[in-house]
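Chain by chain, the residues:
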Amino acid sequence: MHDSHAPAPSGPRASDDLPPPGGLREPYGGPPEFGDLPFDDLPAAPPGGPHAPGGPPAGRAGASGRSAPGTAAAVVLATTAGAALRCGGGTLLDRLTDQLVALSVGEVHVVARSGDITRATGGAYLIGAEGSHGLADDLRRVARVARAATGPVAVLAGDLVAHTEALAVLLSAPGGGTTALVVTDGDEPGPLRPPVRVEGGRVAAAGTSLHEVAGADGTFRGALRVGEADLGRLAETAETLAGLAETGVFGAMGGAEAGDLLLAGLVRYGVHVRARGLGRLRCERVAGQEDADAAVRRLNEVDVAHARLDAAVKADDGFFATYGVSSWSGHLVRPAAALGLTPNAVTWFSAGLALLAAAWFSAGTRPALVAGAVLVYLSFVLDCVDGQLARYTRMFSPVGAWLDATFDRAKEYVVYVGLAVGYAAGHGAVGGGPEGIWALAVAAMILQALRHMIDFSYAGSRADAGAARARSAGPSAATGGPSGVPADAAARLAPSRPALPSGASAGSTDAGGTDTGSTAGQEPGERARAVPQESPPPGNPVVRLSRLLERSSTTRWLKKIIVLPIGERMALIAVTAALFNARVTFLALLTWGGVAALYTLTGRIGRSLSK
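Only a predicted model underlies this, so the values are computations on that prediction, with no experimental measurement involved.

## Notes on helix α2 (residues 135-148)
Stage number 1. In a regular helix each residue adds 1.5 Å, so 14 residues correspond to 20 Å; α2 covers 21 Å between its end C-alpha atoms and thus fits that length.
Stage number 2. Counting buried positions along α2 yields 11 of 14 residues, so the element is predominantly enclosed.
Stage number 3. When we look at burial in α2, the residues that qualify are Leu 135, Ala 136, Asp 137, Asp 138, Leu 139, Arg 141, Val 142, Ala 143, Val 145, Ala 146 and Ala 148.
Stage number 4. Each element contacted by the buried residues of α2 is listed here: β1 (73-77), β4 (107-111), β5 (153-157), α4 (231-246) and α5 (258-268).

So, in C-alpha cells, the structure goes:
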C-alpha cells in the first residue's frame, strides 16, 4: 500500500507517473455499454522495470490518507508465486490490476512479500519498499484498508485468472452487501478451491486447509467483496486472525490462504455473505505456468456476451420463477437494454399490467377472469425482467430496490381488490356474491403482511446479532486468547483440526493414513483429497433437517415451493381465478399461506436457537 507521505527514493514517487485512479467510470450504476468494453482483451502491462515505491506500507493513497466517499477499493494478495506467472506481455498480477482499473476500482492495494517485484499498472497502488512479512502481516494490511475505506472493499487472490465480467458481477453486486464468488457445480475442493456450504443463497460455512466444512457443496474462488456495513467486522476479523497466526494457531499455513481465512472468519462471526455463482463465466486460481496457460485458454472458450446474460438470471429463485419465467425471459433483457429502458421503467410497466389485471378481474365474468390471469402472469414476467435488466446493465440503486419491493406488495394487493370487486358482483357464470368475500380478501392481505413482517424482522435481527458479536470481539472486549485475542473470537476462528508442526509438510498424511487436507506445501497442480465428514452438520434438529433436505434437488425445490414465494403466489392467483373464482383464490392463498407461515416461523425459531 503506497504511503503518499513517505519520502520516495531518487526519481519520482511510485504513483507520480500513473494516471489518477478510477478515471474510466463510477463503480456503480453505469450505463449499459459498461459491459461492452473489451475486458478480456486488455493490453498487457507496458514493458520496463518496476516502479520504485517509497516508504513503508502505512496507509492509503491521497493527500488526506482517505479516499473519496463511496470509492471502491481492492486488496490483491500477491503473496504466492502464482501472481508472478506470465500472461501475455505481463504477469497474472498485471492482468488482474488492469481488470480492476478497467472496472473503475478507485484504489488497488497490492500486498506482496519483501523483495517481491510488483508494478502498478493503470493507477494501481503499491505496497511500498517494505513488503509483508507473513500471514499475520497480510491480514493486518487488509484490516488497515478496511478501517480507512469509505466504500466496499474487494479482497482478491493475486494468482486469479478470471473473466473481467466475473469480477464485474462481484464488484457490482446489488444491495451493497458482502458477496463471495462461489461455484456449486464445478470442481471438487482442492488446494486453491476451499470448500463452502451454501444455504439459501448465502455462505453458511467456509473452510480452509485447517477449517472443516460439514456438508460442503461448493468451492470459494478467491474473490470476496465486503460491503460498507461489514467493513468494521472485516477489520476486526482480520486483526483477530492475525493474532492467532502470530501465536502459531494456524501452523505452517501461508499467505495463499489469507483470503480463505477471511471468508471463513466473516462467516463464523455471523456476517451474511451472499454466494454469487458464475454460470458459464470462469474464475480460478492457478499454481503453475501450465495451469495459468490452460486457465487463460478456458476463458477464451466462453461466449462472454451469452454468459453475461445467463449471469443476469437469478440462480436461486423460486420454482415457478425459474422454470415458468426465467427459462425464457432473458430474451427480453437484451432488447430492453438496446431500447435504453431502465430497470425502474420496467418496474412501472409491471405495475401498469397489474392494474389492468385488477380492472379485468373487477368485471367478474369468465373471459375477464381469464384475461386478468394472463395479465397477472405478464406482470410477474416483467417483475423478473426488471431485476435481470438491473444485473445485466449493473444499474443498481437503493431507490430501485425500494421501488421494486414496494410495488410487489402494491400489485398483489390491488389484484386482491379487483378479485373481490368482481366476485361481489355475483355473475352467474362464475358464482359469487358479496357474502364474506371482503373478509377473505382482507384476511389474505393481513396474512401476507404478517409473513413479510416475519421475514424482514428476522433479517434485521440477524444483522443486529452479527453486529453485536463483532463488537464483543473488538479490541475493547475481555481477552483470554493468545496475545490478547478475545477468547470467544479465538474459539470461533480456531482451526477445526490441529495445525501441523512448523516443519511438517502440509498436505501429508498422518500416522493413520488420513489426509490432513492442508494445502500450503503441495506441489503445483496437486489435488487435495477431500476431508471425510463423519459428524453431522452442527445445529439443532430443525437446522440439521433443513441442511439434510438441501442435499437433494427434489427436496430443495420442495423447500422453495412450500414457503409460497411471489412466483408461486402469482401462479396460484392466475390459475385459480381463471379456472374457478375469487373465493377459491382467497381460500387457496389462506390455506397455503398459513402452512408457509408456520413452516417459516418454525425454521426461523430453530435457526435462532441453533448454536
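Picking up after the structure, the text goes on.
## Points about the environment of Arg 583
Stage number 1. In this structure, Arg 583 sits in helix α17 (residues 582-609).
Stage number 2. C-alpha of Arg 583 to C-alpha of Trp 438: the two residues are 145 residues apart in sequence and 9.7 Å apart in space.
Stage number 3. When near neighbours in sequence (up to four residues on either side) are disregarded, Arg 583 contacts Tyr 423, Glu 435, Ile 437 and Leu 440.

## A word on the side chain of Thr 600
Stage number 1. Assignment of secondary structure puts Thr 600 in helix α17.
Stage number 2. Since its relative accessible area comes to 11%, Thr 600 is described here as buried.
Stage number 3. Beyond its immediate chain neighbours, meaning those up to four positions away, Thr 600 contacts Ile 454, Asp 455 and Val 563.

## Section: the side chain of His 452
Stage number 1. Along the polypeptide, His 452 turns up in helix α12 (residues 437-472).
Stage number 2. Residues contacting His 452, with those up to four places away along its chain left out, are Arg 409 and Arg 569.

## Focus on the packing of aromatic side chains
Stage number 1. Enumeration according to the criterion identifies 8 aromatic pairs in this entry.
Stage number 2. When the ring of Phe 319 is compared with that of Tyr 323, the centres are 5.0 Å apart and the planes differ by 50°; the resulting orientation is tilted. One end of the pair is Phe 319 and the other is Tyr 323, both in helix α8 (residues 319-338) and 4 residues apart, which spans about a single turn.
Stage number 3. Judged by centre distance (6.2 Å) and plane angle (70°), the rings of Phe 320 and Tyr 377 are edge-to-face. Of the two residues, Phe 320 is situated in helix α8 and Tyr 377 in helix α10 (residues 366-393); the sequence distance between them amounts to 57 residues.
Stage number 4. Here a set of aromatic residues connected by ring pairs shows up, and it is made of Phe 319, Tyr 323 and Trp 557.
Stage number 5. Positioned over the ring face of Tyr 392 is Arg 308, at 4.3 Å from the centre of the ring.

Parameters at a glance
- Counting starts from 1 at the beginning of each chain's written sequence and moves along it residue by residue.
- This being a predicted model, a pLDDT of at least 70 is required before a residue's local features are given, and a value of 80 or more before pairs of side-chain atoms are given or counted; all residues contribute to the totals for chains, interfaces and linings.
- By convention in this description, side-chain values take in all heavy atoms of the structure and omit both hydrogens and water.
- Each helix is a run of H or I in the DSSP string that is no shorter than four residues. Each strand is a run of E no shorter than two, and both are numbered from the N terminus.
- By this rule the span expected of a helix is its residue count minus one, scaled by 1.5 Å.
- Burial here depends on accessible area, computed with a 1.4 Å probe over protein chains only, as a share of the maximum for the residue type. Under 20% is buried, over 50% is exposed, and the range in between is partly exposed.
- For this analysis, residues touch if any pair of their heavy atoms sits within 4.5 Å.
- Planes of paired rings set the category: under 30 degrees apart is stacked, over 60 is edge-to-face and the rest tilted, where pairs are Phe, Tyr or Trp rings (Trp by its six-membered ring) whose centres lie within 6.5 Å.
- Put simply, a charge is over a ring when the Lys NZ or the Arg CZ is close to the ring centre, within 6 Å, and near the line of the ring normal, within 35 degrees.

That's the geometry; what it means functionally is another story.
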